[in-house]
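What follows is the residue order along each chain.
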Amino acid sequence: MDVVVVGAGASGLGAAIRLKQAGITDFAVLEKSSSLGGTWRDNTYPGCACDVPSALYSYSFAPNPSWTRAFAGQAEILQYLADTASRYGVLPHVRFGVDLLRASWDPDRSLWSLETSTGPIEARILITATGPWHEPLMPSVPGTFSGPVFHSSRWDHSVSLAGQRVAVIGTGASAVQFIPAIQPEVESLHVFQRTAQWVLPKPDHHVPSAERWLFRRFPVLQRALRRGEYLAMEALGLGFRHPRLMRLAEAVGRLHLRRSVPSATLRAALTPTYTLGCKRLLMSNTYYPALAAENVSVHPTAVTRFDGPVVVGADGSRVEADVLILGTGFKILDLPITSRVYDGTGQSLADVWKGSPQAYLGTAVSGFPNLFNLLGPNLGTGHTSAFTILEAQLDHVLAAVSALIHRGWSSLDVRPEVQAAFVSEVQSALAGTVYEKGGCASYYHDINGRNSFSWPWSSARLQRDVARFDPLHYAISKPLEVAR
């Protein structure tokens, strides 16, 4: 077929919709699960919600006037994705229960040869949409915990937490949401915090039915809201590029902490020592009050060992628990799919990257023709929606795919010097950002210490640069001998 998309989350569904809108119908979306939704299908932990405003966290071509909260919850986002996929008629293209095992580029035939769990497929073009928030990162801690253990993204709803002694490892974006949700029902909650996080107030609220009616009746109002939210987040984005400007936001964070936590000792343990924005920005109105509750203990230390029911901290603390919950994040930069995609010489994408992902405009990788990666390297920002990034990429990808199909080209391969120049420019620009100067260690940095996650400029520039497909930046093979 013409195109195969891997993954039926927000990225894969967006690609499918855009393909169909472009009149390209010979494509399939491979989804290893039995349902769509990606990260919003997998993450069902209590309190799971988005930390980007709802109006902005959606496809621009498919606004949802019916969001019930300013920051939508997991179930509502999952339903939005399902409704949008149905509305745009792409569900017949999705093949559920199909896992991609290996994808190999055949240079002689200019095709991708795919091995899947249900048999072989050949495609001219391969689009990976597996996302960076998919594969949970499991900590390597010696010993064995004797009770139930699960990662926040694989929440075990069969385990009742009522009246239990619960230990939590990690205080990132997921933990900030599920800790307040489970705190009232547990007997005791022990939170192991390796690094204190900046947590800002979350301007979340219920959206009244009258306001939703207005959005349905006058779509221009929701477009205006979306634009306003975008501009507000862009204003915050200035601080990511000019770290000194973050002092104002840090003052808000300190005030939020002081108002929420009466104990000076606990406040000291929860006060970050790095510049806001160096790690992922967190927002919550309930996290600090939950940590200040009588049944919660914060242990500002890493975990070094499990000993049956005991969790041992690096500071020597020992805590007995009945249940262990891992809020330890995801494999953001060492995506499992990279070990399954091979170039024409038999090298995998993981072999080529050697731990430091590189791609032209975060989308195309030299040496891997007709391959496009959605939400790829160095496209992450701390201040905008993944949908904004995704739609810019889809403009680029659809222009390239349309050219391949309609102009009869057999392959497109980004020129190595073009990719190298882009990567060099990004790394140079990152040097002055809060990601590099903020004084923290974060998942933005790969195993080689290089920032392979972040975009160093504004999202307006991202939209402009990433969306533009320039054929001169690609090596174009000779036209196919047999016209399609």
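Our structure's up above, just so we're on the same page.
Computed from a prediction, not measured in an experiment: that's the story for all the values here.

Undergrad: Whenever I open this one, the overall build of the chain confuses me. Can you help?
TA: When helices and strands are counted, the chain shows 14 helices and 22 strands. Taking 23 Å as the expected radius of gyration for a compact globule of 484 residues, we find that the chain reaches 23 Å, a close match to that expectation. For the C-alpha atoms alone, the extent of the chain along its principal axes is close to 75 × 55 × 45 Å. Sorting the 484 residues of the chain into buried and exposed places 56% on the buried side. Taking the intrachain contacts of the chain between residues at least 6 apart in sequence as the baseline, contacts between residues at least 24 apart amount to 73%. A total accessible area of about 20,100 Å² is found for the chain, and carbon and sulfur atoms account for 54% of it.

Undergrad: Looking at this structure, how should I read the sheet that holds strand β7 (residues 125–128)?
TA: Across a sheet, paired strands are connected by hydrogen bonds in the backbone, their directions being either parallel or antiparallel. Strand order across the open sheet formed by 5 strands is β3-β2-β1-β7-β20, with parallel pairing between neighbours. Each edge of the sheet is formed by a strand with only one pairing partner; in this case those strands are β3 (94–96) and β20 (371–373). If you compare each strand with its neighbour and ignore which way they point, the axes differ by 20° on average. Sheet topology places strand β1 (residues 3–6) next to β7; 4 bridges connect them, and they run parallel. The partner of Val-3 across the bridge, within β7, is Ile-125.

Undergrad: Explain the state of the cysteines here, please?
TA: Cysteine pairs can be covalently joined through their sulfur atoms, and such a bond is termed a disulfide. Tallied over the full model, the rule gives 1 disulfide. Here Cys-278 is linked by a disulfide to Cys-440, with a sulfur-sulfur distance of 2.0 Å. Across the S-S bond linking Cys-278 and Cys-440, the dihedral sits near -100°, which makes this disulfide left-handed. You can see Cys-278 sitting in the loop between α8 (264–270) and β13 (282–283) and its partner Cys-440 sitting in the loop between α13 (434–437) and α14 (459–467), a full 162 residues away along the chain. Take Cys-278: its relative accessible area is 0%, and that puts it in the buried class.

Undergrad: Would you explain helix α3 (residues 74–87) in this entry?
TA: Helical periodicity: at 3.6 residues per turn, an α-helix aligns residues three or four positions apart in one direction. Here α3 contains 14 residues, and its C-alpha end-to-end distance of 20 Å stays within 8% of the 20 Å for a straight helix at 1.5 Å per residue. Those residues of α3 hidden inside the fold are in contact with α1 (10–21), α2 (39–42) and α11 (386–406). At the exit of α3 stands Gly-89, carrying a positive phi of roughly 70°.

Undergrad: Would you mind going over empty space enclosed by the protein with me for this structure?
TA: If a probe as big as a water molecule is rolled over the atoms, it shows which places are left empty. Going through the model one piece at a time under the given rule, you end up with 5 cavities of 30 Å³ or more. In this model, the largest cavity occupies a volume close to 40 Å³. Lining the largest cavity are Gln-197, Trp-198, Tyr-274, Leu-276, Gly-277, Lys-279, Arg-280, Leu-281 and Leu-282. Partitioning the lining of the largest cavity into residue classes produces 5 nonpolar, 2 polar and 2 charged.

Undergrad: For this particular structure, what's the right way to read the nonpolar core?
TA: If you look at soluble globular proteins, the nonpolar side chains tend to sit buried side by side. Core analysis: the largest hydrophobic core is formed by 118 residues, its most contacted members being Ile-179 and Ile-325. For this core, the element with the most residues is α11, which contributes 12 residues. If we ignore the near neighbours within four places in the chain, the residues touching Ile-325 are Phe-150, Trp-155, Leu-161, Val-166, Ala-167, Val-168, Ile-169, Phe-178 and Ile-182. Ranked by size, the runner-up nonpolar core spans 21 residues in total, among them Ile-121, Leu-335, Ile-337 and Phe-368.

Undergrad: Where do I start with the sheet that holds strand β6 (residues 119–123) in this structure?
TA: With respect to topology, 4 strands assemble into an open sheet ordered β6-β5-β4-β19, the strand pairing being mixed. The sheet is open, and its two borders are formed by β6 and β19 (341–342), each paired with just one other strand. For strand β4 (residues 100–106) and strand β5 (residues 111–116), the ladder comprises 6 bridges, and the chain directions are antiparallel. Bridged to Trp-105 within β5 is Trp-112.

Undergrad: Help me understand the pairing of β5 in this model?
TA: Taken together, β4 and the strand that follows it, β5, pair antiparallel across an intervening segment of 4 residues, in which Ser-110 is found at a positive phi of about 55°. Across 5 bridges, β5 lies against β6 in antiparallel orientation. Its bridge partner lying in β6, Glu-115 is registered against Pro-120. Counted along the chain from β5 to the antiparallel partner β6, the turn is 2 residues long.

What counts and what doesn't
Residues numbered from 1 in each chain as written. Predicted model: local features only at pLDDT ≥ 70, side-chain atom pairs only at ≥ 80, totals over all residues. Heavy atoms only, no water. Helix = DSSP H or I, 4+ residues; strand = E, 2+ residues; numbered from the N terminus. Rg over C-alpha atoms; globule rule 2.2 N^0.38 Å. Buried < 20%, exposed > 50% of the residue type's maximum accessible area, 1.4 Å probe, protein only. Contact = heavy atoms within 4.5 Å. Areas by Shrake-Rupley, 256 points an atom, 1.4 Å probe, with all protein chains shown as cover. Pairing = 2+ DSSP bridges. Axes fitted to C-alpha atoms, helices over the stretch in contact; angles between N-to-C directions. Disulfide = S-S within 2.5 Å. Expected span 1.5 Å × (residues − 1). 1 Å grid on protein atoms, 1.4 Å probe; cavity = no way out; pocket = protein on both sides within 12 Å on 5 of 7 lines; lining within 4 Å. Points joined across faces, edges and corners; volume = space filled by probe spheres on them. Nonpolar A, V, L, I, M, F, W, Y, C, P; charged D, E, K, R; others polar. Core = buried A, V, L, I, M, F, W, Y, C linked by side-chain atoms within 4.5 Å.

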